[in-house]
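Chain by chain, the residues run as shown.
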Amino acid sequence: MSDRTVLLLSGPNLNLLGEREPEVYGSATLDDHVVGATAAAAARGIDLEHIQSNHEGELVDAIHAARGRCAGIVVNPGAFTHYAWAIHDALAAFDGPVVELHLSNPAAREPWRHTSVVAPVAAGTIAGFGAAGYRMAVDAVADLLDG
Ligand code: CA2
């Protein structure tokens, strides 16, 4: 297992960032966020791998593949945050720290976004800070790995 490899996971529709709803999610693309997160990770001596999928099972498979290989996970599960118990269970079977990340602040939005099934298996959640959240989430997982 690499003790300095972290998986950044992006859930459904995040591939559309920058194309629609800039008032909610900003104008940066997902690639822009990954570039920022990769730089923040490199500054902490971490190799960041990124996977985006619109399919719950593919995200579950990526979490399984990270077991024994990655030291930590940063995950923005998109709308799966609010109901995808298979992602909850997969993350519960991952040994390293998990940081939940959101561009917006779901707690300040519609009631159906107030529940996260990922939060109970995450070390913590960073939400509402837009692009800066990617750097914050990488720093959070690095702090956890560095003890
Ligand atoms: O704030 C976040 O990061 C979210 O995880 C984003 C999800 C949303 O369902 C969560 O409640 C909070 C949605 C991502 C969809 O992104 C789009 C981007 C452009 C156009 C349409 C959707």
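My aim in this report is to walk through the structure given alongside it, one point at a time. Within every chain, residues take consecutive numbers counted from 1 along the sequence as written. Confidence filtering applies because this is a predicted model: local features only for residues at pLDDT of at least 70, side-chain atom pairs given and counted only at 80 or more, and all residues used for totals across whole chains, interfaces and linings. Hydrogens and waters are ignored; side-chain quantities use all the structure's heavy atoms.

1. Regarding the site of the ligand
Thinking step 1. The local shell around the ligand holds 15 residues, among which Asn76, His82, Leu103, Ser104 and Arg113 are the closest.
Thinking step 2. Polar contact criterion, stated in full: a pair of N or O atoms within 3.5 Å, where within protein one must be able to donate a hydrogen and the other to accept it, and residues adjacent in sequence count only if both atoms are side-chain atoms. Within the contact set of the ligand, an oxygen atom lies 2.8 Å away from a side-chain nitrogen or oxygen of Asn76.
Thinking step 3. Here Arg113 contributes a side-chain N or O atom positioned 2.8 Å from an oxygen atom of the ligand.
Thinking step 4. Cavities and pockets are found on a 1 Å grid laid over the protein atoms alone: a cavity is a set of points where a 1.4 Å probe fits but cannot escape, a pocket is an open set with protein on both sides within 12 Å along at least five of seven lines, and a lining residue has an atom within 4 Å of such a point. Cavities and pockets are treated as containing a molecule whenever more than half of the molecule's atoms lie within 2 Å of their grid points. Among the detected pockets, the ligand sits in the largest pocket.
Thinking step 5. Ten residue types, Ala, Val, Leu, Ile, Met, Phe, Trp, Tyr, Cys and Pro, are classed as nonpolar, four, Asp, Glu, Lys and Arg, as charged, and the remainder, Gly among them, as polar. The residue makeup of the shell around the ligand, split by class, is six nonpolar, six polar and three charged. Proximity criterion: a residue is near a molecule or strand once any of its heavy atoms comes within 4 Å of it.

2. A look at helix H5 (residues 132-146)
Thinking step 1. Segments assigned H or I by DSSP are reported as helices when at least four residues long, segments assigned E as strands when at least two residues long, and all are numbered from the N terminus. In this analysis, the expected span of each helix is defined as 1.5 Å times one less than the number of residues it contains. Here H5 spans 21 Å end to end across 15 residues, near enough to the 21 Å set by a 1.5 Å rise per residue.
Thinking step 2. Throughout this description, buried means an accessible area under 20% of the type-specific maximum (1.4 Å probe, protein chains only), exposed means over 50%, and partly exposed covers the range between. Among the residues of H5, those classed as buried are Gly133, Tyr134, Ala137, Val138, Val141 and Ala142.
Thinking step 3. Note on contacts: a residue pair qualifies if any of its non-hydrogen atoms lie within 4.5 Å across the two residues. Taken together, the buried residues of H5 touch strand E1 (5-10), helix H2 (30-43), strand E3 (72-76), strand E4 (98-102) and strand E5 (124-127).
Thinking step 4. Backbone geometry just after H5 places Gly147 at a positive phi near 70 degrees.

3. A look at the nonpolar core
In summary, soluble globular proteins display a tendency toward joint burial of nonpolar side chains.
Thinking step 1. If you look at the biggest cluster of nonpolar residues, it comprises 21 residues, and the most contacted ones within it are Leu8, Val74 and Tyr134.
Thinking step 2. When residues no more than four places from it in sequence are discounted, the contact partners of Leu8 are Val34, Ala37, Leu48, Glu49, His50, Ile51, Val74 and Tyr134.
Thinking step 3. By nonpolar core is meant a set of buried Ala, Val, Leu, Ile, Met, Phe, Trp, Tyr and Cys residues that side-chain atoms within 4.5 Å join together. Counting residues in hydrophobic clusters, the runner-up holds 20 residues, among them Leu9, Val117, Val118 and Ala122.

4. Re the packing of aromatic side chains
Thinking step 1. Pairs were defined over the aromatic rings of Phe, Tyr and Trp, the Trp ring being its six-membered one, requiring ring centres within 6.5 Å. Orientation was assigned from the angle between planes: stacked under 30 degrees, edge-to-face over 60, tilted for the rest. Per the stated rule, a full pass over the model turns up one aromatic pair.
Thinking step 2. Judged by centre distance (5.9 Å) and plane angle (75 degrees), the rings of Phe80 and Tyr83 are edge-to-face.
Thinking step 3. Taking the relative accessible area as the measure of exposure, Tyr83 reaches 49% and is therefore partly exposed.

Geometric descriptors of this kind do not, in isolation, establish any biological role.
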